[in-house]
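Each chain, letter by letter, is given below.
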Amino acid sequence: MTPLNPALAATFAPPVMQARRWLQGVTFAPDRPLINVSQAAPVDPPPEPLRRAIAEAALHRPGAHLYGPVLGNPDLRAAVAARFSAAYGGSVAAGNVAITQGCNQAFCAAIATLAGPGDEVILPTPWYFNHKMWLDMQGIATRPLPCGPDLLPDPASAAALLSPATRAIVLVTPNNPSGAEYPAGLVAEFHDLARRHGIALILDETYRDFDSREGPPHALLAAPDWDRTVIQLYSFSKAYRLTGHRVGAIIASTARLAQAEKFLDTVAISTSQLGQIGALWGLAHLDDWLALERAEILARRAATVAAIAALPGWQVQSAGAYFAWVRHPFAADSAELAPRLLREAGVLALPGTMFMPENDPGGARHLRIAFANVDGAGIAALADRLAGFAG
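Residues numbered from 1 in each chain as written. Predicted model: local features only at pLDDT ≥ 70, side-chain atom pairs only at ≥ 80, totals over all residues. Heavy atoms only, no water.

**Student:** I would appreciate a short explanation of helix α5 (residues 102-114) in the present structure.
**Tutor:** An α-helical turn contains 3.6 residues, so a residue and the one three or four places further along point in the same direction. Helix length check: α5 (13 residues) gives 19 Å between terminal C-alpha atoms against 18 Å at 1.5 Å per residue, within 8%. Summarising burial for α5: 10 of the 13 residues are buried, a large majority. Turning to α5, its buried residues number three or more, namely Gly102, Cys103, Gln105, Ala106, Phe107, Cys108, Ala109, Ala110, Ile111 and Leu114. (Helix = DSSP H or I, 4+ residues; strand = E, 2+ residues; numbered from the N terminus. Expected span 1.5 Å × (residues − 1). Buried < 20%, exposed > 50% of the residue type's maximum accessible area, 1.4 Å probe, protein only.)

**Student:** Just checking my understanding: could you explain unusual backbone geometry for this structure?
**Tutor:** Where the residue is not glycine, phi is negative for most of them; where a peptide bond is considered, it is trans in most cases. With an omega of 5 degrees, the peptide bond between threonine 125 and proline 126 qualifies as cis. Summarising the element assignment, proline 126 is placed in the loop between β3 (120-125) and α6 (129-137). Threonine 173 connects to proline 174 through a cis peptide bond whose omega is -15 degrees. Mapping proline 174 onto the fold places it in the loop between β5 (166-172) and α8 (184-197). Positive phi values are uncommon outside glycine, yet arginine 241 reaches one of about 60 degrees. Of note, arginine 241 is situated in the loop between α9 (236-240) and β8 (248-251). A positive phi angle, near 55 degrees, is found at arginine 246, a position not held by glycine. Counting through the fold element by element, arginine 246 comes out in the loop between α9 and β8. Here arginine 246 falls in the partly exposed class, since its relative accessible area comes to 31%.

**Student:** Is there a simple way to explain the packing of aromatic side chains in this structure?
**Tutor:** Geometry of an aromatic ring pair is reported as the spacing of the ring centres plus the angle between the planes. The tally for this structure, following the rule as stated, stands at 14 aromatic pairs. Measuring from centroid to centroid gives 5.2 Å for phenylalanine 129 and phenylalanine 355, while their planes differ by 35 degrees, and the two rings are tilted. Here phenylalanine 355 lies in the loop between β12 (350-351) and α14 (361-364) and phenylalanine 129 lies in helix α6, a separation of 226 residues in the sequence. The ring of phenylalanine 84 has arginine 208 sitting right over it, with the charged end atom 4.9 Å from the ring centre. (Phe/Tyr/Trp six-rings, centres within 6.5 Å; stacked < 30°, edge-to-face > 60°. Lys NZ or Arg CZ within 6 Å of the ring centre and 35° of its normal.)

**Student:** Could you clarify how one ought to interpret the environment of leucine 283 in this entry?
**Tutor:** One can find leucine 283 in helix α11 (residues 273-285). It is 9.0 Å that separates the C-alpha atoms of leucine 283 and tyrosine 240, two residues lying 43 residues apart in sequence. Residues contacting leucine 283, with those up to four places away along its chain left out, are Leu76, Ala79, Val80, Arg83, Phe236 and Tyr240. (Contact = heavy atoms within 4.5 Å.)

As structure tokens, then:
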């Protein structure tokens, strides 16, 4: 066999693809269809006016089919800068923004500017598995930071993990997979820790549009020297249902983005023009629509928490944005339970083991329930099926 990169070979397989394979050979009765709470992204297309804007661009804008600037179209970069400046009470310039092929690529590009083989990055657990996968592929050591019962990471515990090889701390808020919304004061403590030690604080806010709090979730971008420490990530996929168009963003110093440009130029050259056109149109026209989407997601969150909390033995440990981190009442490992839950109850959920270090007992006790794509009737049906599941 020809050589295989050992770091890639040692990286675990994509969890969502693994879960999808569980569906092979499983059928569902018409009166008992699949309830899919594994998906962490919208399953509906963008609103029709946005689709029309993309279609018009595809028909009438020749540049929509060509390469664009590696760091993104200037009009979209300026619009993102204006939006984040207003939302966070800070000063973000267009030069502080890079547009990427989704937020996963934003994370990969940010890490590429920070760390290499032998370096270390701190990830709170439960973690977003694609973050861990990318670090593994690059030969970067992950230092797990276990969260407390409230699913919030502790800055003092993070400080104890720091070493000369530490290059960054990563926070995801609202969190995937737990849904936890990190308080502004907690984010500020992590920022102070990172600044004191000369490392980066990567703040992934993919789900910021569905945060239950009013006003800015943190004040980091209001600091005059925010770009010395903060690297903020964002995704248009969740806000405007642009998952297939792959549009994300990095907000960081111009010097760091100059390095990120090298990475982006070699993996994608430029982000999809049609996706960028759609994102810019959404920023200009869809604030009211997005407010209704947020209200619906928050209502589904409340319904999910209430429905599962009423089940004997089940516990919602944390919930927010698209997710609930749920403790199950069974002796079996969640990695064993999840495929059985699909076959026996028609519910596809991801086991907590997919979001935790190997052999971490917390993973075995939990499931991630992604409720955003399930309406009120579906949530009630989900609770009924969980209640009837023997475990």
